[in-house]
Amino acid sequence: MAEHIHPIFDRLLQREDRERRLKQKGKALWLTGLSGSGKSTIAQHLERRLYNEGFFPQVLDGDNIRSGINSNLSFSDADRKENIRRIAEVARLYLHSGIITINSFISPTREIRDMARAVIGAEDFIEIYVNAPIEVCEERDVKGLYQKARAGEIKGFTGIDAPYEAPLSPAFEIRTDQLSLDEAVGQLYAFIHPIIKY
Ligand SMILES: Nc1ncnc2c1ncn2[C@@H]1O[C@H](COP(=O)(O)OS(=O)(=O)O)[C@@H](OP(=O)(O)O)[C@H]1O
Ligand SMILES: Nc1ncnc2c1ncn2[C@@H]1O[C@H](COP(=O)(O)OP(=O)(O)O)[C@@H](O)[C@H]1O
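Residues numbered from 1 in each chain as written. Chains lettered and ligands numbered in written order. Predicted model: local features only at pLDDT ≥ 70, side-chain atom pairs only at ≥ 80, totals over all residues. Heavy atoms only, no water.

(A) Examining the UniProt feature "binding site: ATP" (unreviewed entry) in the protein chain more closely. The residues that UniProt annotates with the feature "binding site: ATP" (unreviewed entry) are G33, L34, S35, G36, S37, G38, K39 and S40. Looking at the secondary structure, you find G38 in the loop between β1 (28-32) and α2 (39-52). Each residue touching G38, except ones within four places of it in the same chain, is listed here: V130 and R140. Mapped onto the secondary structure, S40 falls in helix α2. The exposure class of S40 is partly exposed, given its relative accessible area of 33%. (UniProt positions renumbered as here; feature names shortened; annotations may be inferred. Helix = DSSP H or I, 4+ residues; strand = E, 2+ residues; numbered from the N terminus. Contact = heavy atoms within 4.5 Å. Buried < 20%, exposed > 50% of the residue type's maximum accessible area, 1.4 Å probe, protein only.)

The following block contains the structure:
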């Protein structure tokens, strides 16, 4: 009878067991915004802040996704969709390990983000709009890509000749043209802390 089986074998390890071990609630924080809006910078600083406060976060961004698992994908509409679908599946695996992912991707359309939300589950998908006007992003031009897009050297660049649809009701919005980096990370941390604390 089940009661006599050694406790180790009495049921499959659950997400809740892992969350108890990590002393946190697994969530997928989903940072969306234009290239240069500040997603990666905020993601990296938030990751460090969470880690220092005892949480166990993991950034997913172009550096560890588009360079690896998604290295065969372009920036066509279909490939962006496949990019985000795979990322959402990866975030879901982390989620069920009790880990907080900080997903930093343009994820340009509502349809794409709705797909990610559906894969991850609406309860666990926290949409964060990293908002700076395109003029500010273009002025920053962190990687020189806006200049290339304006010169026609890159086709289908988000915000220039490919769409970006702002979220209609994000869980949280950060205006990076109005806040310092420290303010932005501080406000985001204050918002998510109650959501992720065990
Ligand atoms: N055509 C085009 N449009 C937009 N962005 C481009 C493009 N080509 C290359 N890049 C660089 O790729 C980064 C965006 O990748 P993402 O995976 O976040 O894009 S998407 O969600 O699939 O739309 C983006 O990085 P971030 O600046 O960090 O957003 C760009 O540096
Ligand atoms: N409040 C802020 N939050 C985030 N980044 C900011 C902020 N203010 C200025 N920046 C600058 O804007 C740039 C954003 O670049 P990046 O993080 O690579 O954007 P993205 O990942 O969205 O393409 C960085 O050079 C960063 O230092």
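(B) Representation of the confidence of the model for the protein chain within the structure. Here the protein chain shows a mean pLDDT of 95. Residues at 70 or above account for 95%. In the predicted assembly, ipTM is 0.98 and pTM is 0.96. (pLDDT = per-residue confidence, 0-100.)

(C) Layout of the pattern of salt bridges. Using the criterion set out here, one finds 14 salt bridges in the structure. The network of salt bridges with shared partners includes R15, E19, K27 and D124. (Salt bridge = Lys/Arg side-chain N within 4 Å of Asp/Glu carboxyl O.)

(D) View of the pairing of strand β5 (residues 172-175). Side-chain alternation along β5 places F172 and I174 on a buried face and E173 and R175 on a face that remains uncovered. Relative to β5, strand β4 (residues 125-131) runs parallel, the two being bridged by four bridges. Within the sheet, the bridge partner assigned to Y129 lies in β5 and is E173. (Pairing = 2+ DSSP bridges.)

(E) Quick peek at the packing of aromatic side chains. Per the stated rule, a full pass over the model turns up five aromatic pairs. Centroid distance W30 to F105: 6.4 Å. Interplanar angle 40 degrees. Geometry classified as tilted. Of this pair, W30 sits in strand β1 while F105 sits in the loop between β3 (100-104) and α4 (110-120), placing them 75 residues apart in sequence. The exposure classification of W30 matches that of F105, with both residues buried. Aromatic rings pair up to connect W30, F105 and F125 into one cluster. Here R49 stacks its cationic end above the ring of Y189, 4.0 Å away from the centre of that ring. Between the NZ or CZ atom of R66 and the centre of the ring of F75, over which it lies, the distance is 3.8 Å. (Phe/Tyr/Trp six-rings, centres within 6.5 Å; stacked < 30°, edge-to-face > 60°. Lys NZ or Arg CZ within 6 Å of the ring centre and 35° of its normal.)

(F) Broad picture of the site of ligand 1. Taken together, 20 residues are adjacent to ligand 1, and S35, R66, R80, N83 and S107 come closest. The side chain of K143 places a nitrogen or oxygen atom 3.2 Å from an oxygen atom of ligand 1. T158 places a polar main-chain atom, nitrogen or oxygen, 3.3 Å from a nitrogen atom of ligand 1. For ligand 1, the accessible surface in isolation is 620 Å², of which the surrounding protein chains cover 87%. If you list the elements that add at least two residues to the shell around ligand 1, you get α2 and α3 (77-96). Residue contributions to the shell around ligand 1 peak at three residues, all from α3. Grouping the constituent residues of the shell around ligand 1 by class yields eight nonpolar, seven polar and five charged. (Near = heavy atom within 4 Å. Polar contact = N/O pair within 3.5 Å; in protein donor to acceptor, adjacent residues only side chain to side chain. Areas by Shrake-Rupley, 256 points an atom, 1.4 Å probe, with all protein chains shown as cover. Nonpolar A, V, L, I, M, F, W, Y, C, P; charged D, E, K, R; others polar.)

(G) Region of interest: the nonpolar core. L29, L46 and I128 are the most contacted members of the largest nonpolar core, which has 21 residues in total. The set of elements that each furnish at least two residues to this core consists of β1, α2, β3, β4, β5 and α7 (181-196). Beyond its immediate stretch of four places on either side in the chain, L46 contacts L29, I102, V185, L188, Y189 and I192. Membership of the second largest hydrophobic core comes to 17 residues, among which are A28, W30, A88 and I112. (Core = buried A, V, L, I, M, F, W, Y, C linked by side-chain atoms within 4.5 Å.)

(H) A look at the UniProt feature "domain: APS kinase" (unreviewed entry) in the protein chain. Sites flagged by UniProt as "domain: APS kinase" (unreviewed entry) map to residues 26-174. Structurally, residues 26-174 is divided into 39% helix and 17% strand, and its ends, taken at the C-alpha atoms, are 22 Å apart.

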